[in-house]
Amino acid sequence: MLTLALLPLAVVVLGFAARQHPARVVLLAMLTAGLVALPSVSAFLELVGTQFLKARYLLVLMFALPVIAILERHGLRALAAQLVRGWKGARTGRLLLAYLALRQGSAALGLTSLGGHAQMVRPLVAPMAEAADGDKHGEPSSTAEQSLSGPAAQAPVVRIGTPPLTQGGYNGQSLLRENLTQLARNGSVKNSSEEVRALAAATDNVGLFFGEDLFLAFGAVLLMQAFFAERGIELTPLSIALWGIPTAILAFVIHGARLLWRDRRR
Amino acid sequence: MSALTPIYWLLGAYFARIAWRAWHGAAPRPRTRTAFYATLSVLFAFGDWMPAQLAGALVLLVAAIAGFWLPESTSSQSAQAADRGRSQLLWPILLIPALTVTLTLLIPKLALSWLSGANVAVVALVVACGTALPLALAITRERAMHAIDAGGDLFEAIGWAAMLPLLLAVLGSVFAAAGVGDALATLLGAWLPLDVRWVAVIAYGLGMALLTMLMGNAFAAFPVIAGGIGLPFLVNVHGADPAPLAAIGMLSGYCGTLLTPMAANFNLVPVALLDLKDRYAVIRAQVPTALPLLACNLILIGVLCFR
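Summary of the structure given here. Note that the structure is a prediction, hence the values are computed from the model and not measured.

1. Overview of the overall build of chain B
Alright, step 1. Counting its regular elements, chain B contains 14 helices and zero strands.
Alright, step 2. Secondary structure of chain B in N-to-C order comes out as α-α-α-α-α-α-α-α-α-α-α-α-α-α.
Alright, step 3. Seen along its three principal axes, the alpha-carbon backbone of chain B occupies a region of about 65 × 45 × 40 Å.
Alright, step 4. Out of the 307 residues in chain B, the part that is buried amounts to 58%.
Alright, step 5. When contacts within chain B are restricted to residue pairs at least 6 apart in sequence, those whose partners lie at least 24 apart make up 71%.
Alright, step 6. Summed over its atoms, the accessible surface of chain B is roughly 12100 Å², and 68% of this surface lies on carbon and sulfur atoms.
Alright, step 7. Each charge class in chain B can be summarised by its mean position, and for the 15 positive and 12 negative side chains these summaries are 7 Å apart.

2. Remarks on the environment of Gln51(A)
Alright, step 1. Among the structural elements, Gln51(A) can be located in helix α3 (residues 41-54).
Alright, step 2. Taking the C-alpha atoms as reference, Gln51(A) lies 29 Å from Val67(A); in sequence the two are 16 residues apart.
Alright, step 3. Among all residues touching Gln51(A), those that are not within four sequence positions of it are Val170(B) and Ser173(B).

3. Concerning the interface of chain A and chain B
Alright, step 1. Counting residues at the interface gives 110 residues for chain A and 136 residues for chain B.
Alright, step 2. At the boundary of chain A with chain B, total buried surface from both sides reaches about 11200 Å², with 79% on carbon and sulfur atoms.
Alright, step 3. Per-residue buried area on chain A facing chain B is highest for Phe52(A), Arg56(A) and Trp243(A); these three make up 7% of the total on that side.
Alright, step 4. Where chain A meets chain B, there are four salt bridges.
Alright, step 5. Here Lys277(B) makes a salt bridge to Glu194(A), at a shortest N to O gap of 3.5 Å.
Alright, step 6. Per-element tally for the side of chain A that touches chain B: the top contributor is helix α9 (residues 192-212) of chain A, with 12 residues.
Alright, step 7. Taken together, the residues of the side of chain A that touches chain B sort by class into 74 nonpolar, 22 polar and 14 charged.

4. Here we look at the pattern of salt bridges
Alright, step 1. Applying the stated rule across the entire model yields 17 salt bridges over all chains.
Alright, step 2. The salt bridge involving Arg56(A) is made with Asp48(B); its shortest N-O contact spans 2.9 Å. Of the two residues, Arg56(A) is situated in the loop between α3 and α4 (65-73) and Asp48(B) in the loop between α2 (30-46) and α3 (52-69); the pairing between them involves two chains.
Alright, step 3. For Arg21(B), the salt bridge is made with Asp149(B), and the minimal N-O distance between the two is 3.7 Å. Separated by 128 residues along the polypeptide, Arg21(B) in helix α1 (residues 5-24) and Asp149(B) in helix α6 (residues 144-158) bring together distant segments of the chain.
Alright, step 4. Asp149(B) sits in the buried class, given a relative accessible area of 11%.

5. Remarks on the side chain of Thr39(B)
Residue and element names in this part refer to chain B.
Alright, step 1. In this structure, Thr-39 sits in helix α2.
Alright, step 2. We classify Thr-39 as buried; its relative accessible area is 10%.
Alright, step 3. Discounting residues that sit within four places of it in the chain, Thr-39 has contacts with Leu-58, Leu-61 and Val-62.

6. Things to note about the packing of helix α2 (residues 22-37) of chain A against α3(B)
Alright, step 1. Direction vectors running N to C along α2(A) and α3(B) enclose 140 degrees, while the axes themselves pass 7 Å from each other. The pairing of α2(A) with α3(B) is recorded here as oblique in orientation. Crossing geometry of α2(A) relative to α3(B) is assigned as left-handed. Taken together, the residues of α3(B) that come into contact with α2(A) (itself represented by Ala23(A), Arg24(A), Leu27(A), Met30(A) and Leu31(A)) are Leu60(B), Ala63(B), Ala64(B), Ala66(B), Gly67(B) and Phe68(B).
Alright, step 2. Residues belonging to the contact of α2(A) with α3(B) are distributed by class as follows: nine nonpolar, one polar and one charged.

7. Overview of the environment of Ala272(B)
Alright, step 1. By the element assignment, Ala272(B) lies in helix α13 (residues 269-273).
Alright, step 2. For Ala272(B) and Ile158(B), which are 114 residues apart along the polypeptide, the C-alpha to C-alpha distance reads 5.1 Å.

Conventions we followed
Residues numbered from 1 in each chain as written. Chains lettered and ligands numbered in written order. Predicted model: local features only at pLDDT ≥ 70, side-chain atom pairs only at ≥ 80, totals over all residues. Heavy atoms only, no water. Helix = DSSP H or I, 4+ residues; strand = E, 2+ residues; numbered from the N terminus. Buried < 20%, exposed > 50% of the residue type's maximum accessible area, 1.4 Å probe, protein only. Contact = heavy atoms within 4.5 Å. Areas by Shrake-Rupley, 256 points an atom, 1.4 Å probe, with all protein chains shown as cover. Lys, Arg positive; Asp, Glu negative; His and termini not counted. Charge placed at Lys NZ, Arg CZ, Asp CG, Glu CD. Buried area = accessible area lost by both parts, 1.4 Å probe. Salt bridge = Lys/Arg side-chain N within 4 Å of Asp/Glu carboxyl O. Nonpolar A, V, L, I, M, F, W, Y, C, P; charged D, E, K, R; others polar. Axes fitted to C-alpha atoms, helices over the stretch in contact; angles between N-to-C directions. Parallel < 35°, antiparallel > 145°, perpendicular 65-115°, else oblique. Left-handed = near helix turned anticlockwise from the far one by under 90°.

If you want it as structure tokens, here you go:
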């Protein structure tokens, strides 16, 4: 029984290790767990159905999509990028550090909806971080000629005889040009813009996770209190939230240092 | 009928519209996509009125379509404007979080019997989006249906990744019912010399991170690890202070959340939203933060629980 109950975990580990499709891994793990432990097919289906219906609220972000999509079609992300180009001394790391502080601080006050990947990161934070990164590369926003500076000055200069492309941000030609710039710089095509976007999403997660736990009425705090109360140990929500502070500070310091270090490296 | 039922009707209608467009559109695999979104539409709109077993069977169908037949997430950046927009475009996008927060704080003050707890945040977000949409339409001078279809295209571009958090929530419950976590905690307890204090500290912190990675959720891992290692060994045998033990243990679990594809809404959905080529790009970006932080947590547990 002990080893059989571990079988679904093995499915999860092996499935992701073999880089199988996540939905396939989840389906297979679900069926394995049901097969191993649940009394009947009917009980299994009932559990799956009930839990799915309870989880439907997770898709509530769909309501934000029409707003975001229509604004993006009218140039929202190019606007966000343009805003950042107007700020002197804008750097990807510094910008994301400010977002980290905002996200973590507001989450600690229970305001977890001031952020999120669909509402904030995709339309605003990621384009801003990318624009700050582009400027640091010395990419001119008004001419097509590349002016490389610093240690990369000896590298071959890439010229593409096309009109300015940086404002669109995402079209194929600007991507191509970015790759060529990277090629000239590092001798390898490494998509820096891809890395910046991933870092923006990571910053949102770190800020949310290590902020929300300081909020007294947050589910995790109440869950911990209830767990110990059931077993005869009384803890106040305040004491649990306060003991989260050292880790929250360390999370901010570690992730923040990484962000600033990224600025210095370039 | 809960306060969220009308919201699920709207979502069901939204999915029906996406299914209809998938059927009539020119994109590849129209039948697969129509089946996927039509099944979702039925589950969302009529889930409360069907036998739970039928809903469960439909969920398995959705998971199978997503895993085996649905096309990979497509590029969601196709319809970008080349020019930057006017600065009014920022208002609707900032209105959504601002109004959501305001409503989350205001609604509980009304003390409505039919709307409380976790539902408040959901309703607040829906109302905020419903207010931002007409504003966005006025600024862009677009028709409502055009915006809704643009949102539908965006959802299709995210594709199966958007459904994964729901499937993982189900998986967590099935795991809990099957006693998967308990089996792992029992196994750890049987193999490790937990009467040595530092072994117990490391088993607790790493166990939280590991089980969270496997189950995708620190909330599910906490009762298992705190009940299997934290309480019997660290508190009862070694005399650890339970308050820091609980708090830092949960945050060790959060380090695990940063490292696992099982936490799909945090680690896989943004990959699709930001059009990243590497499926694990966000996790990769989080590893250099999560691992040092986990090590710090182990030290903090060792120091702060045994003052």
